[in-house]
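Tertiary structure, described
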Amino acid sequence: MPDTTDDVAEGISFQAFEDDCRLLGSLLHEVLLRELGPGFVKLFERIRILAQVPMTMRGAGMEDTAAVVERQLEAELSAMSLEDSLSLARAFAHHLNLMGIAERHHRVRKSRSEVHLSKSCHDIFDKLIQGGVPPEQLYDTVCKQGVEIVLTAHPTQINRRTLQYKHLRIAHLLEFNGRRDLNYEDREMLIEDLVREITALWQTDELRRHKPTPVDEARAGLHIVEQSLWKSIPRYLRRVSNALKKHTGKPLPLTCTPIKFGSWMGGDRDGNPNVTSKVTRDVSLMARWMAIDLYIRQLDSLSFELSIKKCSDKLATLANEILLKDSESTSEEKKANPWTKTGPENNLKRPPRMGMPAQLPSGADLPSLTECSDSESQFRIVKLPCNPKHQGIQIPTERSEESHSPVQSPGRRPASSHMSRTPSGSQLRKMLFTESKIGRSSFRKLLEPSLSDKPGITPYRIVLGNVKEKMMKTRRRLEHLLEDLPCDSDPAEYYETPDQLLEPLLLCYDSLQSCGSSILADGRLADLIRRVATFGMVLMKLDVRQESGRHTEALDAITSYLDLGVYSEWDEEKKLDFLTRELKGKRPLVPPYIEVNADVKEVLDTFRVAAELGSDSLGAYVISMASNASDVLAVELLQKDARLTVSGDLGRECPGGTLRVVPLFETVKDLREAGSAIRKLLAIDWYREHIIKNHNGHQEVMVGYSDSGKDAGRFTAAWELYKAQEDVVAACNEHGIKVTLFHGRGGSIGRGGGPTYLAIQSQPPGSVMGTLRSTEQGEMVQAKFGLPQTAVRQLEIYTTAVLLATLRPPQPPRDPNWRHVMEEISRASCAHYRRTVYEDPAFVTYFQEATPQAELGYLNIGSRPAKRKAAITAAGGIASLRAIPWVFAWTQTRLALPAWLGVGTGLQDARDKGRTEDLRAMYEEWPFFQSTLDLIEMVVAKADAPMAKHYDDVLVLSPERRALGEELRRELARAGSCVLAVSGHTKLSANNRSLRRLIESRLPYLNPMNMLQVEVLRRLRRDDDNHKLRDVLLITINGIAAGMRNTG
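As named in an unreviewed UniProt entry, the protein is phosphoenolpyruvate carboxylase, taken from Aegilops tauschii subsp. strangulata. Quoted verbatim from the Sequence similarities (unreviewed entry) field of the UniProt record, the comment on the protein reads "Belongs to the PEPCase type 1 family." UniProt, in its Subcellular location (unreviewed entry) section for the protein, records the words "Cytoplasm".

Okay, here's the thing in structure tokens:
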């Protein structure tokens, strides 16, 4: 098993890691001593030792003695008061979180210290060149690579954002603590800072008291961009460029970026009634606003840096034109109104273009590379504008001074709009606020150099000042749009596309290069250009996702209104005939005054918003639960109809192009039919021509890992996903269409998660041809991209893994018989899984008793409902539960059932048929089979059957259902023994010592959390209105999630 089987285990230096754990643990003890007294600290240590001793005894073969100590621990937890239980749960949870911070910090430290980092651009480029890949082919493949990482709002991030930022600050302090130039005083001050941060952690409520809104989730995603990805992208692209230059002789083109970002936050309405068309519109505008705000801050620093006069003739001409235009506009304003104005229109007209900034831009005194560093301890959180009608957002009272903006705060109407009538109280307050800004503006003039003191004209500052002025007008326009105010700006006065912004920046770059100042050109300016190329004007394009049945309902309403019949009652051929005929027409299908129910209206409103925003702001339209070609054409028709209507209303073409329509195949049945559906779709002349004309001959297809895993078990889902991808690629190749596969992976193994590199390298040959989309969800977003250094590493791994899969695709099964073996294992595994989960009448009740599934809804970790129906019943079964709480609940009990159930039966069946040697050969020579078994081995190693038995003993009421739990634990043991028999390992995770050691280091804190959770569940199910008990339970859920490094 490779060292990267668990991302967290990569690159841990255990001596330094344990030193940091001891430091953070001792500081937490100091805080507990001060906050709760020596009695509690003594209790905490006693419980920890009672949890650790059985582990040591079992290692020495003293099973009976270990059991006695565990019973003592159980008895003490049962007798513990509610107050002590709450404090104990909080203390153990914080300790596990602090250990997680230390792990992430040491991954960063290891990546920095290694000269030849595995899977880095230098490493993989060198291997490819040595393996015979021509440098020109390597260069072209990297430049054409198209990877998109899509951040989703799936509810698996359990920590409040407040705690996430505190954790980041502690990580930065650990970074400083590793410096060798600190003297005694510096180190004492650093320890004091750590104590302050841990004290703040302890005194902060860990629990979300209200469910987040979709807009809250979108803001969290945008803050990930601001705190980390914004800094990471320049450093990542420098690494790629430097490696390319070393191995091919040519750097990465300045506007080329192998990786971009997308988002589902505010666009994923599948099963979430809280995501409306209005939310999607406002989240998209909010992302644009934040992008502009970030660019404005970069322009300030860049203007400060480019103080030179020497420039190209082209740049000098542009600077003179800007000055002349300014002079003419100022002259015209004076002629039009010779009276001295005192209103905001005069004082706040435009920022100075020629002088120094009124105050030093943040970070301008630091080298440009430090902007990408993760060693900063302060995070500026941008205040996003918003519509006050929306829950979960508050309009800031004034703009942060860091952006040096002379415009009014987001959401405030100009004072002049109230001049014709007596101001109300709120209007008067706004006018007083505006006057105070005028006073501030006058004061700022004192800080600026007078005209006589200003240095000579600096052309770069003139051009960049003009860019900044247009950016500020762009930001003001977005604020008006968010407030639903009239906005008739001249398109020439604001930026709408990245190309418009890149034009003056590239002109400055070329000028510096031509004047011999390439060292300046390749600093902050190059970083800004690369950010624009990566993030565009929206940071992350927003996907829209909706369930296919909602489109069918909309077409039912339309066809019934037009007396054409009921669309849903037609067969597939009749649907395709109708849809194709309408798509070829030039008139709208939906009557403008059609009366429909609220659900259908929301679907039609979403298409209208998509038409208004277009592909400049939105990414793909994803159809969940897709199964037929008609599902795709239905969306194409509704999209076309909305665009015709909006275009007529606007009197011009809709902005951008049509959205890519992406079918998402999720269930095993739909995965098996995916290739046929794509063939039928591409056989339609209209659709194929549409793909070639509007989407560059690219068809995107999404495959879902979560529902397929819940449907048939992880092993069968993995095999069906593999075959579906092969079939989809073949279908597209038959029609001469390129394909991009979009992988809907979760964070946990049970939902398709796992190390990025391993996952990409195990895809079917030909399925990764330079393009890839993949989701990153919940806690994995923070884990992979929360720190700039870890983000750079993850981006590099995505790049090199896709590059290898493109130029050196993984091998298909060497022996055709191996596919037959896989079918046999899959059939046996799926049959056992479905027999247990869906056919055993006792399973649903057992699941509800043995896990905290029913209580997970109290966590308030997502805006989306946890269930597709009102409740899980014996009739509805597990099918009505979403995949995330299904996996989350089993992770809490440490059984991790969704990732391995059925695997032992399937492998044992193959071994009984004499397939053992085939299985070992498959493991050694077939990357897909090896990675599948390695991930299952990792999960089985993490699982804890004795702990799961403890849940059953205390919480499961019926002997019959306890017998079911016993059978499940036997299947876990069978899975482990069969995996070892195939892999040849002597013990689980034997080849991944880092992972084993990490798991063992957490157990003294994790085990008591589980035992405490069992006790709290027992009490709570007898007193379900006890809110304090509920708080203790939720804190144990948080702590166990921190210890397992997984939620759902």
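1. Quick word on the overall build of the protein
On a plain count of helices and strands, the protein comes out with 37 helices and 8 strands. Out of the 1048 residues belonging to the protein, those deemed buried represent 60%. Counting only contacts in the protein whose residues sit at least 6 apart along the sequence, the fraction spanning at least 24 positions is 84%. With an accessible surface of roughly 41,700 Å², the protein has 52% of that area assigned to carbon and sulfur atoms.

2. Observations regarding the pairing of strand 5 (residues 660-665)
In terms of residue burial, strand 5 counts as a mostly covered element, since 5 of its 6 residues are buried. Summarising the sheet, strand 4 (residues 618-624) and strand 5 pair through 4 bridges and their orientation is parallel. Opposite Tyr 621, over in strand 5, you have Val 661 as the bridge partner. Chirality of the crossover, the property in question, places the unit of strand 4, helix 20 (residues 629-650) and strand 5 among those that are right-handed. Two strands pair when backbone bridges link them, and strand 5 and strand 6 (residues 698-704) are joined in this way by 2 bridges, in the parallel orientation. The partner of Leu 664 across the bridge, within strand 6, is Met 702.

3. Focus on the UniProt feature "active site" (unreviewed entry) in the protein
Under the UniProt annotation, the feature "active site" (unreviewed entry) is placed at His 154 and Lys 710. When you line up the elements, Lys 710 lands in helix 23 (residues 706-712). A residue is classified by how much of its surface remains accessible, and Lys 710, at 5% relative accessible area, is buried.

4. Considering helix 31 (residues 903-912)
Regarding helix 31, the residues found buried are Val 903, Gly 904, Gly 906, Leu 907 and Ala 910. Taken down its axis, helix 31 places every buried residue within 165° of arc, on the same side. On its buried side, helix 31 packs onto helix 24 (714-734), helix 28 (817-839), helix 32 (916-925), helix 33 (927-942) and helix 35 (959-983). Gly 914 lies just past helix 31 and shows a positive phi near 80°.

5. As for the sheet that holds strand 6
Reading around the barrel, the 8 strands line up as 1-2-3-4-5-6-7-8 and close back on themselves, with parallel pairing between neighbours. Shown here is a sheet whose adjacent strand axes are inclined to one another by a mean of 25°, direction ignored. As paired strands, strand 6 and strand 7 (residues 738-744) are joined by 7 bridges and run parallel to one another. Within strand 7, the residue paired with His 698 across the bridge is Lys 738. Helix 20 rests against strand 4 and strand 5 of the sheet, and its axis sits at about 150° to strand 5.

6. Comments concerning the side chain of His 551
Mapped onto the secondary structure, His 551 falls in helix 17 (residues 548-561). Of the residues examined, His 551 reaches a relative accessible area of 1% and is grouped as buried. Look past the residues within four positions of His 551 in its chain and what remains in contact with it is Gln 546, Val 603, Phe 607, Tyr 621, Ile 623, Val 635 and Leu 638.

7. Points about helix 7 (residues 161-177)
For the α-helix, the turn length of 3.6 residues means that residues three or four positions removed from each other point alike. With 17 residues, helix 7 extends 24 Å between its outermost C-alpha atoms, agreeing within 8% with the 24 Å of an ideal straight helix rising 1.5 Å per residue. For helix 7, a buried count of 13 out of 17 residues is recorded, marking the element as mostly surrounded by other parts of the structure.

8. A closer look at unusual backbone geometry
At Asp 563, a position not held by glycine, the phi torsion is positive, near 60°. Residue placement: Asp 563 occurs in the loop between helix 17 and helix 18 (572-584). The backbone of Met 625 shows a phi angle near 55°, a positive value even though the residue is not glycine. Here Met 625 is to be found in the loop between strand 4 and helix 20.

9. Quick word on the packing of aromatic side chains
Within this structure, the stated rule accounts for 25 aromatic pairs. Judged by centre distance (6.4 Å) and plane angle (0°), the rings of Phe 843 and Phe 847 are stacked. With Phe 843 and Phe 847 both in helix 29 (residues 843-850) and 4 residues apart, the pair spans about one turn of that helix. Judged on exposure class, the residue Phe 843 and its partner Phe 847 are both buried. Taking the centre distance of 5.5 Å and the plane angle of 55° together, the rings of Trp 926 and Phe 928 count as tilted. No difference in accessibility class separates Trp 926 from Phe 928, as the two residues are buried.

Each value, and the rule that gives it
- Residues numbered from 1 in each chain as written.
- Predicted model: local features only at pLDDT ≥ 70, side-chain atom pairs only at ≥ 80, totals over all residues.
- Heavy atoms only, no water.
- UniProt positions renumbered as here; feature names shortened; annotations may be inferred.
- Helix = DSSP H or I, 4+ residues; strand = E, 2+ residues; numbered from the N terminus.
- Buried < 20%, exposed > 50% of the residue type's maximum accessible area, 1.4 Å probe, protein only.
- Contact = heavy atoms within 4.5 Å.
- Areas by Shrake-Rupley, 256 points an atom, 1.4 Å probe, with all protein chains shown as cover.
- Pairing = 2+ DSSP bridges.
- Right-handed = clockwise from strand over helix to strand, strands pointing away.
- Arc of directions from axis to C-beta.
- Axes fitted to C-alpha atoms, helices over the stretch in contact; angles between N-to-C directions.
- Expected span 1.5 Å × (residues − 1).
- Phe/Tyr/Trp six-rings, centres within 6.5 Å; stacked < 30°, edge-to-face > 60°.

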